[in-house]
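Next come the chains, spelled out residue by residue.
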Amino acid sequence: MTLIKSISGIRGTIGGNVGDNLTPIDAVKFAAAYGTWIKEERNKETYRIVVGRDARISGEMIQQLVMNTLIGMGIHVIDVGLSTTPTVEMAVPMEHADGGIILTASHNPKQWNALKLLNEKGEFLNGKDGAKILEIAESNAISFAEVDDLGKINVNDAYIDLHIEEIVNSSWVDVDAIKDANLKVVVDGVNSTGGIAIPRLLEELGVEVVKLYCEPNGHFPHNPEPLKEHLTDICELVVKENADLGIVVDPDVDRLAFIDEKGNMFGEEYTLVAVADYILGKQAGNTVSNLSSSRALRDVTEKHGGKYQASAVGEVNVVQLMKDTNAIIGGEGNGGIIFPEFHYGRDSLVGAALFLTHLAEKKISVSELREEYPAYFMSKNKIQLTPQLDVDAILAEMEKKYAAEEISTVDGVKIDFPENWVHLRKSNTEPIIRIYTEAKSQQKADELAQKIMQEIKEIAGI
């Protein structure tokens, strides 16, 4: 099955059979279910929904299907075209719209696409609302508008510029300090919309930009997940260009990774750590990340006198805990920065501007900045699932096996050992079990991961 329906949206591969893949019929059905839910929730005379997309090859096709479905329901559409996930999230409240749809499969390869759904605040839907939309889609209880009541499309391609304007005008971003630092930055936009937005932002901040894979044509030149093994080209180019750093984003620009001046990964986990250090240095407060994120954020938060808490994996869960604990900065260890001063969503544009301000104010190199933070090393692995595997039973066995340790079952099973931890969970977006470990050396993290994976395979009989 390459069609995954979850509370966060619908995701699948293009082509194939209805109900098994993300076919035009599935896209229409799900867009119509969302439109129905919007009408039930908002219950008003007229409705407006913002629709944008990343640069995937299938993006334009899926966007036309989605927009015309909404028009057929009598809903007006603001078409922001090629955009970023955080830009669409900001556009929804700016437009006083009733919701938003982002067409992106995030870090998945080019054959995938997805409909990600937003509420009227420009935030991802909670579990209850997502479940309701799935229910509507299955029931086919969908009604379309009569001919005189069809919706209209308004094209507005200004939102990336408006997003950048908000950032540049923010008191949290020191444009003068960044300009004075005379930074040279290589940008890998993985041939998606980050190639439009990130260079444009950096130019507004007075940064010299070297573009790598910034053509928004959807032909990803490497695996689009911003992990070390996929980023050899930018690591080499940073050194060759004698640049101060490299910036890498995923196709929809909600994950952010940095390369230091020596061509080494800053560490995706440390994106949030560095930005949180900057924010907490200006204003005391609490932080939140998810259970699969580094302990380094906890350490930095406590250094500044704040309190750190961990949520279940998933942006909506992080956001909810941030609201519950009044956190001033949060996000996920995959390079996702959530800074509520702008909006409750992962935002690589905001993250990049805050990171550059931090760097410019400290007047040190990226490698020197990295050395200021606690050294933790992570190993991220996965086991492919087959329909025969009972994942819940496997996780219950692992919980029982390590009952003497500190265990959280908020999201899968997280086992906290004194010096390291392991987090086991079923992915919401792919048919896999994720195994994340963290320790004080890469070798120890890898060894713990191998040990746990072997134990899972023994329990599962694979």
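Here the structure is shown first, and the text comes after it.
First things first, this report covers the structure right here in the doc. Just so it is clear, the model here is predicted, and its values are computed rather than measured. Sequence order sets the numbering: in each chain, residues are counted from 1 along the sequence as written. Local features in a predicted model are, by the rule used here, given only for residues with pLDDT of at least 70; side-chain atom pairs are given and counted only at 80 or more, and totals for whole chains, interfaces and linings are based on all residues. The side-chain quantities take in all heavy atoms of the structure and omit both hydrogens and water.

Examining the packing of helix α3 (residues 85-94) against helix α5 (residues 159-168)
- Note on method: axes are straight lines fitted to C-alpha atoms, helices fitted across the in-contact stretch only, with angles between N-to-C directions ranging 0 to 180 degrees. Put simply, DSSP H or I for four residues or longer makes a helix, DSSP E for two residues or longer makes a strand, and each gets a number counted from the N terminus. For the pair α3 and α5, the least separation of the axes is 9 Å and the interaxial angle reads 90°. It follows from the interaxial angle that α3 and α5 lie roughly perpendicular. From α3, P86, T87, M90, A91 and M94 reach across to α5, where they touch Y159, I160, H163 and E166.
- Asp, Glu, Lys and Arg are counted as charged, while Ala, Val, Leu, Ile, Met, Phe, Trp, Tyr, Cys and Pro are counted as nonpolar; the rest, among them Gly, fall into the polar class. When the residues that make up the contact of α3 with α5 are grouped by side-chain class, the tally is 6 nonpolar, 2 polar and 1 charged. To sort the angles, those under 35 degrees are grouped as roughly parallel, those over 145 as roughly antiparallel, those from 65 to 115 as roughly perpendicular, and the leftovers as oblique. Contacts are assigned to residue pairs that have any heavy atoms within 4.5 Å of one another.

Some points on the pairing of strand β4 (residues 76-82)
- The buried label applies to any residue whose accessible area, calculated with a 1.4 Å probe on protein chains only, is under 20% of its type's maximum; exposed applies above 50%, and partly exposed to all values in between. Within β4, 5 of the 7 residues are buried, which leaves the element mostly enclosed by the surrounding structure.
- Relative to β4, strand β3 (residues 48-53) is paired through 6 bridges, and the arrangement is parallel. Paired with V50 across the two strands is I78, which belongs to β4.
- Pairing between strands is defined by DSSP: at least two bridges between them are needed. Bridging between β4 and strand β7 (residues 153-155) involves 3 bridges; their strand directions are parallel. The residue of β7 that forms the bridge with D79 is V155.

Thoughts on helix α7 (residues 194-204)
- α7 sits mainly inside the fold: 8 of its 11 residues count as buried.
- Here the buried face of α7 lies against β4, α5, β8 (184-188), β9 (208-212), β10 (245-249) and α12 (348-362).

Regarding the environment of M378
- Relative to the elements of secondary structure, M378 occurs in strand β16 (residues 377-384).
- Among residues more than four places away in sequence, those in contact with M378 are E269, S292, S293, S294, W421, T437, E438, Q442 and A445.

Section: the side chain of E332
- Here E332 is to be found in strand β14 (residues 329-332).
- The class for E332 is buried, based on a relative accessible area of 5%.
- Polar side-chain contacts of E332 include one of 3.0 Å to the side chain of R346.
- Those residues in contact with E332, other than ones at most four positions away along the chain, are L272, N290, S293, V313, G314, E315, V318 and R346. Counting of polar contacts relies on pairs of N or O atoms within 3.5 Å, with two restrictions inside protein: one atom must be capable of donating a hydrogen and the other of accepting it, and residues adjacent in sequence are counted only when both atoms are side-chain atoms.

Quick notes on the pattern of salt bridges
- Throughout this description, the term salt bridge denotes a Lys or Arg side-chain nitrogen within 4 Å of a carboxyl oxygen of Asp or Glu. According to the stated counting rule, one finds 26 salt bridges in the structure shown.
- Close ionic contact of R56 with D54 constitutes a salt bridge, the shortest N to O distance being 3.0 Å. A single burial state applies to R56 and to D54, both of which are buried.
- Measuring nitrogen to oxygen at the nearest pair gives 3.4 Å for the salt bridge that ties E397 to K400. With E397 and K400 both in helix α14 (residues 391-401) and 3 residues apart, the pair spans about one turn of that helix.

Focus: the packing of α14 against helix α15 (residues 442-460)
- It is the contact of α14 with α15, at a shortest axis distance of 10 Å, that shows an interaxial angle of 120°. When the axes of α14 and α15 are compared, the pair comes out oblique. For the crossing formed where α14 meets α15, the hand is right-handed. Between α14 and α15, the residues in contact are I394, E397, M398 and K401 and I452, E455, I456, I459 and A460, respectively.
- Of the residues contributing to the contact of α14 with α15, the split by class is 6 nonpolar, no polar and 3 charged. Handedness of each helix crossing follows the sense of rotation of the near helix against the far helix: counterclockwise by less than a right angle gives left-handed, clockwise gives right-handed.

Concerning the nonpolar core
- Residue types Ala, Val, Leu, Ile, Met, Phe, Trp, Tyr and Cys, when buried and joined through side-chain atoms within 4.5 Å, form a set referred to as a nonpolar core. Counting 59 residues, the largest nonpolar core has L205 and F355 as its most contacted members.
- Beyond its immediate chain neighbours, meaning those up to four positions away, L205 contacts V168, V173, V175, I178, K179, A353 and L356.
- By size, the runner-up hydrophobic cluster in this structure holds 32 residues, among which are I10, I71, M73 and I133.

A short note on unusual backbone geometry
- Even without being a glycine, N140 presents a positive backbone phi close to 60°.
- By the secondary structure assignment, N140 is in the loop between α4 (127-139) and β7.
- Since its relative accessible area comes to 53%, N140 is described here as exposed.
- At N191, a position not held by glycine, the phi torsion is positive, near 50°.
- With respect to the secondary-structure elements, N191 resides in the loop between β8 and α7.

Some points on the sheet that holds strand β20 (residues 432-439)
- Across the sheet, 5 strands lie side by side as β16-β20-β19-β18-β17; this open sheet has antiparallel pairing. At either margin of the open sheet sits one strand with a lone partner, and together these are β16 and β17 (406-408). Across the sheet, the axes of successive neighbouring strands diverge by a mean angle of 15°, strand direction being ignored.
- Against the sheet, α15 touches β16, β19 (421-426) and β20, its axis set at about 20° to β16.

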